[in-house]
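# Chain and residue survey
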Amino acid sequence: MRGGLLPLTMVVPGREVTLISIASGRGLRARLTDMGLFEGMKLKVIHSHRPGPCIILVGGTRLILGHGMAQKILVKEE
């Protein structure tokens, strides 16, 4: 991936990452923003087995993202 970035789906469960960008159109970007996901924020991957959902922890909240949606979220490992 470019510049050490990888899609959220490639992160090993238990790792903390920083959300760098969302590689999608306005619709998905707005939906993720409404869910509380913003560039620069830290999150922890709880589950990311393909092709199922990706479960992340943001603050004290668990979010479940579909595989396709999670694939478009580019992160950087800590």
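You'll find the structure just up there.
Conventions and cut-offs
Residues numbered from 1 in each chain as written. Predicted model: local features only at pLDDT ≥ 70, side-chain atom pairs only at ≥ 80, totals over all residues. Heavy atoms only, no water. Core = buried A, V, L, I, M, F, W, Y, C linked by side-chain atoms within 4.5 Å. Buried < 20%, exposed > 50% of the residue type's maximum accessible area, 1.4 Å probe, protein only. Helix = DSSP H or I, 4+ residues; strand = E, 2+ residues; numbered from the N terminus. Contact = heavy atoms within 4.5 Å. Pairing = 2+ DSSP bridges. Salt bridge = Lys/Arg side-chain N within 4 Å of Asp/Glu carboxyl O.

## A closer look at the nonpolar core
Within the largest apolar cluster, 21 residues are counted, with the highest numbers of intra-cluster contacts made by Leu8, Leu32, Leu37, Leu43, Ile56, Leu65 and Ile73. When contributions to this core are tallied by element, the ones reaching two or more residues are strand S2 (16-22), helix H1 (26-34), strand S3 (42-47), strand S4 (54-58), strand S5 (61-65), helix H2 (67-71) and strand S6 (73-77). Beyond its immediate stretch of four places on either side in the chain, Leu8 contacts Val17, Leu43, Val45, Ser48, Cys54, Ile56, Leu65, Ala70, Ile73 and Val75.

## Some points on the sheet that holds S2
Here we have six strands laid out as an open sheet, ordered S1-S6-S2-S3-S4-S5, and antiparallel in their pairing. Where the open sheet ends on each side, the last strands, each with one partner, are strand S1 (6-7) and S5. Examined bridge by bridge, S2 and S6 share five bridges and lie antiparallel to one another. Pairing of Val17 across the sheet is with Glu77, part of S6.

## Quick word on the environment of Phe38
Locating Phe38 in the fold gives a position in the loop between H1 and S3. The exposure class of Phe38 is partly exposed, given its relative accessible area of 44%. Sequence separation between Phe38 and Thr61 is 23 residues, and the spatial gap between their C-alpha atoms is 14 Å. Ignoring sequence-local partners within four residues, the contact set of Phe38 consists of Leu19 and Thr33.

## Describing the pattern of salt bridges
Two side chains of opposite charge can pair, provided their charged atoms sit close to one another. Evaluation of the coordinates by the stated rule reveals two salt bridges. Here Arg15 ties to Glu77 by a salt bridge, and the two come within 3.0 Å at their closest N and O atoms. With a gap of 62 residues between them, Arg15 in the loop between S1 and S2 and Glu77 in strand S6 connect regions that are remote in the sequence. According to the relative accessible area criterion, Glu77 is partly exposed, its value standing at 32%. Its salt-bridge partner being Arg29, residue Glu39 comes within 3.5 Å of it at the nearest N-O pair. Taken together, the residues Glu39 in the loop between H1 and S3 and Arg29 in helix H1 connect sequence positions 10 residues apart.

## Describing the pairing of S6
In the case of a regular strand, side chains alternate between the two sheet surfaces. The pairing of S1 with S6 spans two bridges and is antiparallel. Residue Leu6 lies in a different strand from S6, and its bridge partner there is Val75.

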